[in-house]
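# A look at the structure
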Amino acid sequence: KLLGNNIYLTRTNAMEPAIPINTAVFARSDKIDSLEAGNVVLCNNGGTTTILRIQDIQIDGSQIFYILKADTNPSNLVIELPKDKIIAKADSTSV
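Residues numbered from 1 in each chain as written. Predicted model: local features only at pLDDT ≥ 70, side-chain atom pairs only at ≥ 80, totals over all residues. Heavy atoms only, no water.

## Let's talk about the pattern of salt bridges
The tally for this structure, following the rule as stated, stands at 4 salt bridges. With a shortest N-O distance of 2.8 Å, Arg28 and Asp30 are connected by a salt bridge. Among the salt bridges present, the one from Asp71 reaches Arg53, with a minimum N-O distance of 2.8 Å. Taken as a pair, Asp71 in the loop between strand E5 (63-69) and strand E6 (79-82) and Arg53 in strand E4 (residues 48-60) lie far apart in primary sequence, 18 residues in all. (Salt bridge = Lys/Arg side-chain N within 4 Å of Asp/Glu carboxyl O. Helix = DSSP H or I, 4+ residues; strand = E, 2+ residues; numbered from the N terminus.)

The following block contains the structure:
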């Protein structure tokens, strides 16, 4: 942790070219309530921490769901996760 940021290291090219492989990602869990489409987030996807971009936000009653996608995936390859699976919002990166 550094200045309120959790630090994660990308291990795949899923977010290239915006976030290259082996890039340090600085992320803040206290910014989850201000997420919007286009933001990059870290999420718990089946027990694995994954970095993905928010494509859309859907509300079903009191539940919030995020439609997420890796930048390198085809547009139809998305996942839907509830808010409680979002770990943090990516704030900045360092190569």
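## Things to note about the nonpolar core
Among the nonpolar cores identified, the biggest contains 21 residues, and Leu35, Ile51, Leu68 and Ile86 are the most heavily contacted of them. Counting residues per element, the ones that place at least two in this core are strand E2 (24-28), strand E3 (40-45), E4, E5 and strand E7 (86-94). Sort the elements by how many residues they give to this core and E3 lands first, with 4 residues. If we ignore the near neighbours within four places in the chain, the residues touching Ile86 are Ile32, Leu35, Val41, Leu42, Cys43, Tyr66 and Leu68. (Core = buried A, V, L, I, M, F, W, Y, C linked by side-chain atoms within 4.5 Å. Buried < 20%, exposed > 50% of the residue type's maximum accessible area, 1.4 Å probe, protein only. Contact = heavy atoms within 4.5 Å.)

## So, the environment of Asn44
Turning to its location among the elements, Asn44 is positioned in strand E3. Apart from the residues lying within four places of it in its own chain, the contact partners of Asn44 are Leu81, Lys85 and Ile87. One polar contact links the side chain of Asn44 to the main-chain amide nitrogen of Gly47, over a distance of 2.8 Å. (Polar contact = N/O pair within 3.5 Å; in protein donor to acceptor, adjacent residues only side chain to side chain.)

## Comments concerning the layout of surface pockets
Considered as a void within the structure, the largest pocket measures approximately 180 Å³ in volume. Residue lining of the largest pocket: Tyr8, Leu9, Thr10, Arg11, Thr12, Val25, Leu42, Thr48, Thr49, Thr50 and Ile51, and that is the complete set. The set of elements that each furnish at least two residues to the lining of the largest pocket consists of strand E1 (6-9) and E4. At 4 residues, E4 tops the list of elements feeding residues into the lining of the largest pocket. The residue makeup of the lining of the largest pocket, split by class, is 5 nonpolar, 5 polar and 1 charged. (1 Å grid on protein atoms, 1.4 Å probe; cavity = no way out; pocket = protein on both sides within 12 Å on 5 of 7 lines; lining within 4 Å. Points joined across faces, edges and corners; volume = space filled by probe spheres on them. Nonpolar A, V, L, I, M, F, W, Y, C, P; charged D, E, K, R; others polar.)

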